[in-house]
Amino acid sequence: MASGVTVSDEVIKVFNDMKVRKSSSSEDVKKRKKAVLFCLSDDKKTIIVEQGKQILVGDIGETVDDPYASFVKLLPLNDCRYGLYDATYETKESKKEDLVFVFWAPENAPLKSKMIYASSKDAIKKKFTGIKHEWQVNGLDDIQDRSTLADKLGGSVVVSLEGRPL
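Conventions we followed
Residues numbered from 1 in each chain as written. Predicted model: local features only at pLDDT ≥ 70, side-chain atom pairs only at ≥ 80, totals over all residues. Heavy atoms only, no water. UniProt positions renumbered as here; feature names shortened; annotations may be inferred. Helix = DSSP H or I, 4+ residues; strand = E, 2+ residues; numbered from the N terminus. Buried < 20%, exposed > 50% of the residue type's maximum accessible area, 1.4 Å probe, protein only. Contact = heavy atoms within 4.5 Å. Areas by Shrake-Rupley, 256 points an atom, 1.4 Å probe, with all protein chains shown as cover. Arc of directions from axis to C-beta.

By the naming in an unreviewed UniProt entry, the chain is Cofilin 2, taken from Scleropages formosus. Looking at the chain in UniProt, the text filed under Sequence similarities (unreviewed entry) is "Belongs to the actin-binding proteins ADF family."

Okay, here's the thing in structure tokens:
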């Protein structure tokens, strides 16, 4: 069921910037988003970038110690969100980076919010071409433990996430 919600151009630009890892100066790399949240506009008609709810690659080691834990803290406890998380992980064979699309729908979010976010999810997913990993999360219990994300990324072959052994 489609909700008629549209996706703002800024959301598409953020996704494309996160998806394309062109070789760039270290200053440009620092400005790249590691994680970002998207929400519905006040009139519930457009999916927009949520202001102030992002982690930049340059923040890691400065204001952010653990990017994954910081991403989890950005999520509101009582409302839904969409998120993109640029996961850096290692398997027994290699280092990898993958974008993960997160649909955050906590148990205590209002029913109306859950319904409109659920029915609008396809609108944003259609714009995010090439996403390999989608994760619907219904509470902190599902997302706080980084091994749950590791399972999404590749299961038992993942040996570390964000430089931290599992």
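## Let's talk about the overall build of the chain
Helix and strand counts for the chain stand at six helices and eight strands. Beginning at the N terminus, the succession of helices and strands in the chain can be written as β-α-α-β-β-α-β-β-α-β-α-α-β-β. For the chain, the spread of C-alpha atoms along the three principal axes comes to 45 × 35 × 30 Å. Going through the 166 residues of the chain one by one, you find that 42% of them count as buried. Taking all contacts inside the chain whose residues are at least 6 apart in sequence as the whole, residues at least 24 apart take part in 65%. About 9,000 Å² of surface is accessible on the chain, with carbon and sulfur atoms providing 50% of the total.

## What about helix H1 (residues 9-19)?
Considered for burial, the residues of H1 that qualify are Val11, Val14, Phe15 and Met18. Projected onto a plane normal to the axis of H1, the buried residues spread over an arc of 95° and lie on a single side. Exposed residues pointing more than 90 degrees away from the buried face of H1 are listed as Asp9 and Lys13. Those residues of H1 hidden inside the fold are in contact with strand E1 (6-7), strand E2 (33-40), strand E3 (46-56), strand E4 (81-91), strand E5 (95-104) and helix H4 (111-127).

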